[in-house]
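Take a look at the letters that make up each chain.
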Amino acid sequence: MFCHQCEQTAKGTGCTQVGVCGKQPNVAALQDNLLHGLQGLGFFSHKARKLGSTDKELEAFLLEGLFATVTNVDFDPARLANLTARCGQLKDKAQHLYQEAFRRANGIPAPRFSKGPPAWQPAADLTIQGAQFGIDKLHGDPDIRSVIEILLYGLKGMAAYAEHAQILGKVDPEVSAFFESALAATCDPDLELMDFVSLAMECGKHNLTVMGLLNAGHVENYGHPVPTPVSTGTRAGKGILVSGHDLKMLEELLKQTEGKGINVYTHGEMLPAHGYPGLKKYAHLAGNFGGAWQDQAKELPQFPGAIIFNTNCIQKPAESYRDRLFTWGCTAWPDVPHIEGFDFSAVIDKALACPDVPEVPGQEILVGFGHNAVLGVADKVIDAVKSGAIKHFFLIGGCDGAKSGRNYYTEFAEKVPKDSVILTLACGKYRFNKLDFGDIGGIPRLLDVGQCNDAYSAIQIAVALAGAFDRGVNDLPLSMILSWYEQKAAVILLTLLHLGIQNIKLGPSLPAFITPNVLNFLVENFNIAPITTAEDDLKAILGS
Ligand code: SF4
Ligand code: SF3
């Protein structure tokens, strides 16, 4: 196997024996096979679309397939084999769609494609077949391969957000068309480095649309988030813990557990759910349990109720809670029951059969500072900037992970001067969201904007501030200190670059899939820089 798509890749170069995430070589091969098949599916869907033929099933499957290959999502070989077999059927469907459209348009049979992903058919042994399609074999030129990888990881991250948006009925035909054309481009041996650079930037643009769709889906269904204190303690009684990003899944579970004497707790990236009026109205949405994803093996044994993961980041479950664990959506672990659709009775039955969760006091953390809430007090914020009470904004956000170097983000947040406000989002916030930062004239110094996809909201805040001060976002007293781990963070970075955001500090280490030449390009064009030490970076930012 060879995989270096995430930040914790072995030795900072690539996982070759087994994934640091726990991904086994057979799972890696199945994911590589699936991705290869999806490139072929995208190739024909793109060609069919250009001739006026589209198909919703193909569009939806591209999202599901790409999402399954994101880090810490699907570790189940049986499920991946099913997906790959389905990919074969749907690739045939896409090919047929194209052939029919071509014949209609030209009156002659469509040309045949005998090489690469367009010629792919699932073999009898999908694992052996997948071993030929490692990401390291994508292209002979390392720089071109690097940019194709940036594009593919961007597509994976965007697919995750698009899948959540699709569940809420939000799709955009231009985005579907882009998924197909970008996958088709990865099958074209004649494209050059700058073609893929343009596609990567375009991916960032479409991801802004997708995050906007997801935001609209959340707001239309659950209202704008409002500042809300969330308890980190637990109440005595039965409990279900929900981890992941999908709010619709949480809502359905809340409806089905109402009046059953079960408290529902959020974990990881579900924390921002508490800020939505349409979700916080459920009195049994009881609080937030535990910290970021990488602590699950240590923390989940302490939660005696049922546990369900609806997206990344799932890790190998300890035996102590494996029998009360469930997965949903694109997330899967071998031999862990997977809930299809929205019938959570198996999870509810398990919670009722489990011992009670004890009463444990906790502290309160504040969530719900989406753009609507922050811009609702924009006058106050602008006045505070004008009076000098607020001197700087820091966006400290992104993924968390196990590396010790990630302490940088805690230190950085702690060292931010008292006259500065910290905006945060995604699971990296668990590094500092239980610290007391106080307030500036009633404006909390730590504003939790939400999940990683709520980068959309942070962008709206930055754009509104830029408008209020009549300057560009890059000219605001705003610095972005980002942490990445998986491919959703990669696509958010592409969105920020597409918007022309400069001077981003990125850590804890730079992606292994970026070659020195591609890094130079990013530095020259966007002045993106790796983090150093909290002290030095702060000095450099505030001194400039
Ligand atoms: Fe390694 Fe990350 Fe790939 Fe897992 S997803 S195999 S940890 S690079
Ligand atoms: Fe975290 Fe996995 Fe990236 Fe949504 S939950 S941000 S790492």
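The present account deals with the structure reproduced in this document.

How each quantity is defined
- Residues numbered from 1 in each chain as written.
- Chains lettered and ligands numbered in written order.
- Predicted model: local features only at pLDDT ≥ 70, side-chain atom pairs only at ≥ 80, totals over all residues.
- Heavy atoms only, no water.
- Helix = DSSP H or I, 4+ residues; strand = E, 2+ residues; numbered from the N terminus.
- Buried < 20%, exposed > 50% of the residue type's maximum accessible area, 1.4 Å probe, protein only.
- Lys, Arg positive; Asp, Glu negative; His and termini not counted.
- Charge placed at Lys NZ, Arg CZ, Asp CG, Glu CD.
- Axes fitted to C-alpha atoms, helices over the stretch in contact; angles between N-to-C directions.
- Left-handed = near helix turned anticlockwise from the far one by under 90°.
- Contact = heavy atoms within 4.5 Å.
- Nonpolar A, V, L, I, M, F, W, Y, C, P; charged D, E, K, R; others polar.
- Near = heavy atom within 4 Å.
- Domains from an automatic or database assignment.
- Pairing = 2+ DSSP bridges.
- Patch = residues over 30% accessible without salt bridge, like charges linked within 9 Å, V, L, I, M, F, W, Y side chains within 5 Å.
- Areas by Shrake-Rupley, 256 points an atom, 1.4 Å probe, with all protein chains shown as cover.
- Salt bridge = Lys/Arg side-chain N within 4 Å of Asp/Glu carboxyl O.
- Expected span 1.5 Å × (residues − 1).
- Phe/Tyr/Trp six-rings, centres within 6.5 Å; stacked < 30°, edge-to-face > 60°.
- 1 Å grid on protein atoms, 1.4 Å probe; cavity = no way out; pocket = protein on both sides within 12 Å on 5 of 7 lines; lining within 4 Å.
- Points joined across faces, edges and corners; volume = space filled by probe spheres on them.
- Core = buried A, V, L, I, M, F, W, Y, C linked by side-chain atoms within 4.5 Å.

### Some thoughts on the overall build of the protein chain
Scanning the protein chain from terminus to terminus reveals 19 helices and 16 strands. Taking the principal axes of its C-alpha atoms as reference, the protein chain extends roughly 70 × 60 × 45 Å. Put simply, the protein chain has 544 residues, and 60% of those count as buried. Taken together, the 46 basic and 58 acidic charged side chains of the protein chain have centroids lying 1 Å from each other.

### Quick word on the packing of helix α2 (residues 56-68) against helix α6 (residues 173-185)
α6 packs onto α2 with a crossing angle of 65 degrees between their chain directions and a minimal axis gap of 10 Å. Between α2 and α6 the crossing geometry is left-handed. Mapping the contact onto sequence places Glu59, Leu62, Leu63 and Leu66 in α2 and Ser176, Phe179, Glu180 and Leu183 in α6. A class-by-class count of the residues in the contact of α2 with α6 yields five nonpolar, one polar and two charged.

### A closer look at the site of ligand 2
Lining the immediate surroundings of ligand 2 are His245, Glu269, Trp293, Asn312, Cys313, Cys399, Ala426, Cys427, Cys452, Tyr485 and Glu486. In terms of residue class, the shell around ligand 2 is built from seven nonpolar, two polar and two charged. Residue assignment places the shell around ligand 2 across two domains, with domain 2 (228-353) and domain 3 (369-543) each supplying three or more.

### Things to note about the sheet that holds strand β4 (residues 285-288)
What holds strands together in a sheet is hydrogen bonding between their backbones, with the strands either parallel or antiparallel. Strand order in the open sheet formed by six strands is β4-β3-β2-β5-β6-β7, with parallel pairing between adjacent strands. Two strands lie at the open edges of the sheet, namely β4 and β7 (338-339), each paired on one side alone. Pairing analysis gives six bridges linking strand β2 (residues 238-243) to strand β3 (residues 262-267), with the strands arranged parallel. What sits directly across from lysine 238, in β3, is isoleucine 262. Of the strands in this sheet, β2, β3, β5 (306-309), β6 (325-328) and β7 touch helix α12 (residues 345-353), which is tilted by about 135 degrees from β2.

### Quick notes on the site of ligand 1
With respect to spatial proximity, 13 residues lie near ligand 1, and among them Cys3, Cys6, Cys15, Cys21 and Thr71 are the closest. Looking at the shell around ligand 1 residue by residue, the class counts come to six nonpolar, six polar and one charged.

### Points about a negative patch on the surface
On the surface, Glu411, Glu414, Glu535 and Asp536 cluster together into a patch of negative charge. Listing elements by their share of the negative patch, those giving two or more residues are α15 (407-415) and α19 (534-543). In this structure, glutamate 535 sits in helix α19. Take glutamate 535: its relative accessible area is 48%, and that puts it in the partly exposed class.

### Some remarks on helix α1 (residues 25-50)
Compared with the 38 Å implied by 1.5 Å per residue over 26 residues, the 37 Å span of α1 between its first and last C-alpha is a close match. The positive-phi residue at the C-terminal boundary of α1 is glycine 52, with phi of around 95 degrees.

### Some details on the packing of aromatic side chains
Applying the stated rule across the entire model yields 19 aromatic pairs. Between phenylalanine 43 and phenylalanine 113, the aromatic rings sit 4.9 Å apart at their centres with planes inclined by 80 degrees, giving edge-to-face as the arrangement. Placement of the pair is phenylalanine 43 in helix α1 and phenylalanine 113 in the loop between α3 (77-106) and α4 (126-130), with a sequence separation of 70 residues. Look at phenylalanine 113 and you get partly exposed, because its relative accessible area is 27%. What links up through ring pairs into an aromatic cluster is the set Phe43, Phe44, Tyr98, Phe102 and Phe113.

### Comments concerning the layout of surface pockets
To find leftover empty space, one rolls a probe the size of a water molecule over the atoms. Taken as a whole, the largest pocket holds about 520 Å³ of empty space. Along the wall of the largest pocket there are 26 residues; nearest its centre are Gly116, Pro117, Thr186, Cys187 and Asp188. Those elements that place two or more of their residues in the lining of the largest pocket are α1 and α5 (142-167). Ranked by residue count, the leading element in the lining of the largest pocket is α1, at five residues. Of the residues in the lining of the largest pocket, the class split is 14 nonpolar, eight polar and four charged.

### Some points on the sheet that holds strand β9 (residues 392-398)
The sheet built from six strands is open, its strands ordered β13-β10-β9-β14-β15-β16 with parallel pairing. In this open sheet, the two strands that pair with only one neighbour each are β13 (446-450) and β16 (529-530). Along the sheet face, α19 touches β9, β14 (478-483) and β15 (505-507) and points at about 140 degrees away from the line of β9.

### Observations regarding unusual backbone geometry
Leaving glycine out, the prevailing phi sign among residues is negative, and the prevailing peptide bond configuration is trans. In this structure, the amide linkage connecting asparagine 312 to the following residue, cysteine 313, adopts the cis form with an omega of 15 degrees. As for its position among the elements, cysteine 313 is in the loop between β5 and α11 (319-322). Residue glycine 507 is joined to proline 508 through a cis peptide bond whose omega torsion reads 0 degrees. Even without a glycine there, the phi angle at aspartate 470 is positive, about 55 degrees. For aspartate 470, a relative accessible area of 72% gives the class exposed. With a phi angle near 50 degrees, asparagine 527 is a residue other than glycine that sits in the positive phi range. With respect to the element layout, asparagine 527 can be found in the loop between α18 (516-526) and β16. Of the residues examined, asparagine 527 reaches a relative accessible area of 39% and is grouped as partly exposed.

### Regarding the nonpolar core
Ranked by internal contacts, the top residues of the largest apolar core, which has 163 residues, are Leu155, Phe179, Ile240 and Ile308. Broken down by element, the residue count for this core peaks at 13 residues, all from α5. Ignoring anything within four residues of it in the chain, the contact list for leucine 155 reads Leu66, Phe178, Phe179, Ala182, Leu183 and Cys203.

### Comments concerning empty space enclosed by the protein
According to the stated counting rule, one finds nine cavities of 30 Å³ or more in the structure shown. A volume near 180 Å³ is recorded for the largest cavity. Surrounding the largest cavity, 20 residues form its lining, Gly397, Gly398, Leu425, Leu482 and Ile492 being those nearest its centre. Counting only elements with at least two residues in the lining of the largest cavity, the list comes to β9, α16 (455-468), β14 and α17 (487-498). Among the elements that line the lining of the largest cavity, the one with the most residues is α17, at five residues. Taken together, the residues of the lining of the largest cavity sort by class into 16 nonpolar, three polar and one charged.

Note that all results are geometric; they support no functional claim without further evidence.
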